[in-house]
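One letter stands for each residue in the lines below.
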Amino acid sequence: MEQIVYVDGAFVPAADAKVSVFDRGFLFADGIYEVSAVLDGKLIDNDSHLARLERSVGEIALALPETLPRIVEIQKELIARNGLIDGVIYLQVTRGAVIPRDFVFPKEAKPTFVMFTTAKDIVNAASAKTGIAVKTMPDIRWARRDIKSVALLAQVLAKQAAAEAGCQEAWMIEDGQVTEGGSSSAFILTQDDVLVTRENSSAILPGCTRKAVMKLAEERQLRVEERAFSVSEALAAKEAFITSASLFVQAVVTIDGQRIANGRPGPMTNRLREIYLEFARATAV
Ligand code: PLP
């Protein structure tokens with residue numbers, strides 16, 4: 001089946017989609033993106049992603065080209081046109097294309113708005129059963145990581161280094177503490193059963209899955225602490241895991257080749273994955 005993408009008001013075959021070489025997303029990474037999961041053709045935790053989209057565009061003084069209800073309609077139409085059952089839907093808005101290239105915001109630019117879908121079996125991913133290996137990397141990103149900007153070169157380099165080391169994710173380190181994963185939020189479960197994840201600030205992206213998992217854990221009387229943790233604390237933990245829209249909850253079983261506990265996904269991680277899945281299915285739209 002030919003892939004259909006959305007570009008500025010039109011649903012077109014991917015091979016025919018066009019964005020200008022003068023687009024500011026391409027030239028300056030002057031744009032914002034979001035990724036929502038899709039299960040059984042329905043959007044997962046999408047309101048949370050759209051709320052973060054609104055906040056991100058606001059932080060860079062970029063107006064959304066469509067209302068949020070219209071964005072949801074477009075997402076649903078694109079899912080239907082591609083017959084997407086399970087996977088993710090990606091959307092990106094940039095400050096548009098204007099000639100000549102100039103750093104200053106152009107007055108006349110019209111935002112560029114694109115969406116595409118990717119099929120992926122999130123629920124039955126093999127790595128959810130085995131857990132993943134992470135490699136630590138210095139966090140060399142900019143100081144506004146709370147904005148979901150398309151400027152992802154630091155993460156590209158970190159995740160490439162992780163892949164070359166046979167790992168599935170990079171954990172970014174700043175001042176001796178883990179900030180987050182290259183494209184995920186980082187959690188540990190301490191020996192006394194406290195769930196720890198770094199507090200939201202400009203040092204990390206406020207993960208939508210992180211937020212949902214924290215709420216689900218607290219509702220089940222689990223103690224959650226928002227604070228930074230080090231790699232040595234993670235290695236001494238009972239369990240560790242990452243969260244993201246495209247993975248849900250996945251165990252971390254080694255860091256730089258060193259095992260956490262017995263090197264297998266822990267029971268709390270497995271339980272939180274199940275609980276998140278139940279939440280996802282129950283709230284899908
Ligand atoms: N942190 C970073 C840097 C990310 O890129 C992502 C997702 O892409 C996340 C965390 C997880 O966020 P979410 O759960 O909203 O997908």
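No experiment lies behind these values; they were computed from the predicted model shown.

Things to note about the overall build of the chain
Along the backbone of the chain there are eight helices and 15 strands. Taking 285 residues into account, the globule formula puts the C-alpha radius of gyration at 19 Å, and the chain, at 19 Å, falls close to it. In terms of principal-axis extent, the alpha carbons of the chain reach across some 55 × 40 × 35 Å. Split into buried and exposed, the 285 residues of the chain put 53% on the buried side. A total accessible area of about 13,300 Å² is found for the chain, and carbon and sulfur atoms account for 55% of it. Computed over 33 positive and 37 negative side-chain charges, the separation of the two mean positions in the chain equals 1 Å.

Some details on the sheet that holds strand 5 (residues 87-94)
Strand order in the open sheet made by the six strands is 2-1-6-5-3-4, with antiparallel pairing throughout. The sheet is open, and its two borders are formed by strand 2 (10-13) and strand 4 (42-44), each paired with just one other strand. Along the sheet, successive strands turn relative to each other by an average axial angle of 30°, direction set aside. Pairing between strand 1 (residues 4-7) and strand 6 (residues 112-119): two bridges, direction antiparallel. Among the inter-strand pairings, Tyr-6 is bridged to a residue of strand 6, identified as Met-115.

Quick notes on the domain arrangement of the chain
With domains assigned, the chain is organised as domain 1 (4-119) and domain 2 (126-283). Contact residues are listed per partner, giving 21 residues for domain 1 and 22 residues for domain 2. Approximately 1,700 Å² of surface area, both sides summed, lies buried where domain 1 meets domain 2, with 63% of it carried by carbon and sulfur atoms. Contact with domain 2 buries surface across domain 1, with Tyr-33, Asp-45 and Arg-52 losing the most and accounting together for 33% of the total. Summed over the shared surface of domain 1 and domain 2, the result is two salt bridges. Measuring nitrogen to oxygen at the nearest pair gives 2.9 Å for the salt bridge that ties Asp-146 to Arg-55. At the boundary of domain 1 with domain 2, the tally comes to six residue pairs in polar contact (both at pLDDT 80 or more). Elements that contribute at least two residues to the side of domain 1 that touches domain 2 include exactly strand 3 (31-39), strand 4, helix 2 (46-59) and strand 5.

Comments concerning the confidence of the model for the chain
Taken over all residues, the pLDDT of the chain has a mean of 98, while the share at 70 or more is 100%. Taken element by element, the predicted model of the chain shows its lowest mean pLDDT in helix 4 (residues 126-130) (95) and its highest in strand 10 (residues 185-189) (99).

Details of the environment of Glu-73
Relative to the helices and strands, Glu-73 resides in helix 3 (residues 68-81). Glu-73 sits in the partly exposed class, given a relative accessible area of 46%. Once the C-alpha coordinates of Glu-73 and Val-252 are considered, the two residues, 179 residues apart in sequence, prove to be 36 Å apart.

Here is what the cut-offs are and how they apply
- Position numbers for residues start from 1 in each chain and track the written sequence from start to end.
- Where local features are concerned, this predicted model is filtered to residues with pLDDT of at least 70; where side-chain atom pairs are given and counted, the filter is 80 or more; whole-chain, interface and lining totals use all residues.
- Hydrogens are left out, water is left out, and the side-chain values use all remaining heavy atoms of the structure.
- Labels follow the DSSP assignment, with helices taken as runs of H or I lasting at least four residues and strands as runs of E lasting at least two, numbered in each case from the N terminus.
- Both definitions apply: the radius of gyration is a C-alpha atom measure, and the globule rule equals 2.2 Å times residues to the power 0.38.
- Buried means the residue's accessible area, taken with a 1.4 Å probe over protein chains only, is under 20% of the maximum for its type, while exposed means over 50%, and partly exposed covers the values in between.
- Computed with a 1.4 Å probe, the accessible areas rest on the Shrake-Rupley method; for each residue, only the protein chains presented here act as cover.
- None of His or the chain ends enter the tally, which takes Lys and Arg as positive and Asp and Glu as negative.
- Here the site of a charge means atom NZ of a Lys, CZ of an Arg, CG of an Asp or CD of a Glu.
- By definition, two strands form a pair when at least two bridges between them are found by DSSP.
- With axes taken as lines fitted to C-alpha atoms, and helix axes fitted only over the stretch in contact, angles between N-to-C directions fall between 0 and 180 degrees.
- Domain start and end points were adopted from an automatic or database domain assignment.
- Whether two residues are in contact is decided by their heavy atoms: any pair within 4.5 Å suffices.
- Summed over both partners, buried area is the accessible surface (1.4 Å probe) that two parts give up on being assembled.
- The rule for a salt bridge is simple: a side-chain nitrogen of Lys or Arg has to be within 4 Å of a carboxyl oxygen of Asp or Glu.
- For this analysis, a polar contact is any N or O atom pair within 3.5 Å, provided that within protein one partner can donate a hydrogen and the other can accept it, and provided that sequence-adjacent residues contribute only side-chain to side-chain pairs.
- For every residue, the predictor states its confidence as a pLDDT score lying anywhere from 0 to 100.

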